[in-house]
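The primary structure of each chain is shown beneath.
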Amino acid sequence: MTKVLFFQAAGKVTLGLVLVTALLFLPAGTLRYPNGWLFMALLFVPMLAAGFVLMAKSPYLLQKRLKAKEPERTQRRVVGASALVFALGFVTSGLCFRFRRFLVPGWVVWAACTVFLLGYALYGIVMAHNRWLARTVEIQPGQNLVDSGPYALVRHPMYTAVLLMFLSTPLILGTWLPLPLFCAFPAILVRRIWNEEQVLTAGLDGYADYKTRVKYRLIPLVW
């Protein structure tokens, strides 16, 4: 089981590395794209560390995180739209570096790195509180309601973490031009949350009552 998980995880990471490398460095026209390497380090180093921790401490959760095929048609569309935004954003960032257009100052890049890492840290906290944290929207056998830790503040803290990471990405890559494109992601995320809450309300005991106790879905005091 551990060996199978290891090779599955290694395959996913390798594929991600290849895709991100191609989408960033081919449009940049060079491997000398410091912001591209910075982003890849911020994305993949914590990912690898988290993968080894999960393999040792919670292989079930790692297995769920590796499952990517969405059973819900709405969620498949959401995932496809998110992937398209990411791809277009990476290509645009690489082109901006190549032609030295719409670049941001260094302090903006490092501020964005801080936000990205805060998002990653929140992601880790969420995983520590919720062993049912699958990538797909579905009710798992034996799943129970999690309402402690970050789930006491918002109903979808994982998406709060993803939002921080997603919106800081173009600035880490050194340009503001793709930022309006990345700002489409919150609308995509709202669509995912609406569908996910329908699934959870219908199939997870206590979720309807949980929604009355925790009012905010994504951002405290906002929504």
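Rules behind the numbers
- Residues numbered from 1 in each chain as written.
- Predicted model: local features only at pLDDT ≥ 70, side-chain atom pairs only at ≥ 80, totals over all residues.
- Heavy atoms only, no water.
- Core = buried A, V, L, I, M, F, W, Y, C linked by side-chain atoms within 4.5 Å.
- Buried < 20%, exposed > 50% of the residue type's maximum accessible area, 1.4 Å probe, protein only.
- Helix = DSSP H or I, 4+ residues; strand = E, 2+ residues; numbered from the N terminus.
- Patch = residues over 30% accessible without salt bridge, like charges linked within 9 Å, V, L, I, M, F, W, Y side chains within 5 Å.
- Areas by Shrake-Rupley, 256 points an atom, 1.4 Å probe, with all protein chains shown as cover.
- Salt bridge = Lys/Arg side-chain N within 4 Å of Asp/Glu carboxyl O.
- Disulfide = S-S within 2.5 Å.
- Phe/Tyr/Trp six-rings, centres within 6.5 Å; stacked < 30°, edge-to-face > 60°.
- Lys NZ or Arg CZ within 6 Å of the ring centre and 35° of its normal.

*Asks:* Help me get a handle on the nonpolar core, residues and values and all.
*Replies:* Side chains of nonpolar character tend, in soluble globular proteins, to be buried together. Membership of the largest hydrophobic core comes to 50 residues, with the highest contact counts inside it found for Val 20, Leu 24, Tyr 33, Phe 39, Phe 116, Ile 172 and Leu 189. When contributions to this core are tallied by element, the ones reaching two or more residues are helix H1 (2-28), helix H2 (34-57), helix H4 (73-99), helix H5 (106-129), helix H6 (157-172), helix H8 (185-203) and helix H9 (207-213).

*Asks:* Outline a nonpolar patch on the surface, listing residues and values.
*Replies:* Judged by side-chain polarity, Phe 102, Trp 176 and Leu 177 come together as a nonpolar surface patch covering roughly 270 Å² of accessible area. With a relative accessible area of 38%, Phe 102 lands in the partly exposed category.

*Asks:* Kindly report on the state of the cysteines, identifying the contributing residues and their values.
*Replies:* In total, this model carries zero disulfides according to the counting rule given. Unpaired in this structure, Cys 96 has its nearest cysteine sulfur neighbour in Cys 183, at a distance of 15 Å. The thiol of Cys 113 is unpaired, and the distance to the nearest cysteine sulfur, on Cys 96, comes to 17 Å.

*Asks:* Explain the packing of aromatic side chains to me, using residue names and the numbers behind them.
*Replies:* Tallied over the full model, the rule gives 13 aromatic pairs. Residues Phe 39 and Phe 116 carry aromatic rings whose centres are separated by 5.9 Å and whose planes lie at 70° to one another, so their mutual orientation is edge-to-face. Here Phe 116 lies in helix H5 and Phe 39 lies in helix H2, a separation of 77 residues in the sequence. In terms of burial, Phe 39 and Phe 116 fall into one category: buried. Within the aromatic cluster, the residues linked to one another by ring pairs are Phe 39, Phe 86, Phe 90, Phe 116, Tyr 120, Phe 166, Phe 182 and Phe 185. Between Arg 100 and the ring centre of Phe 97, over which it is positioned, the NZ or CZ distance is 4.3 Å.

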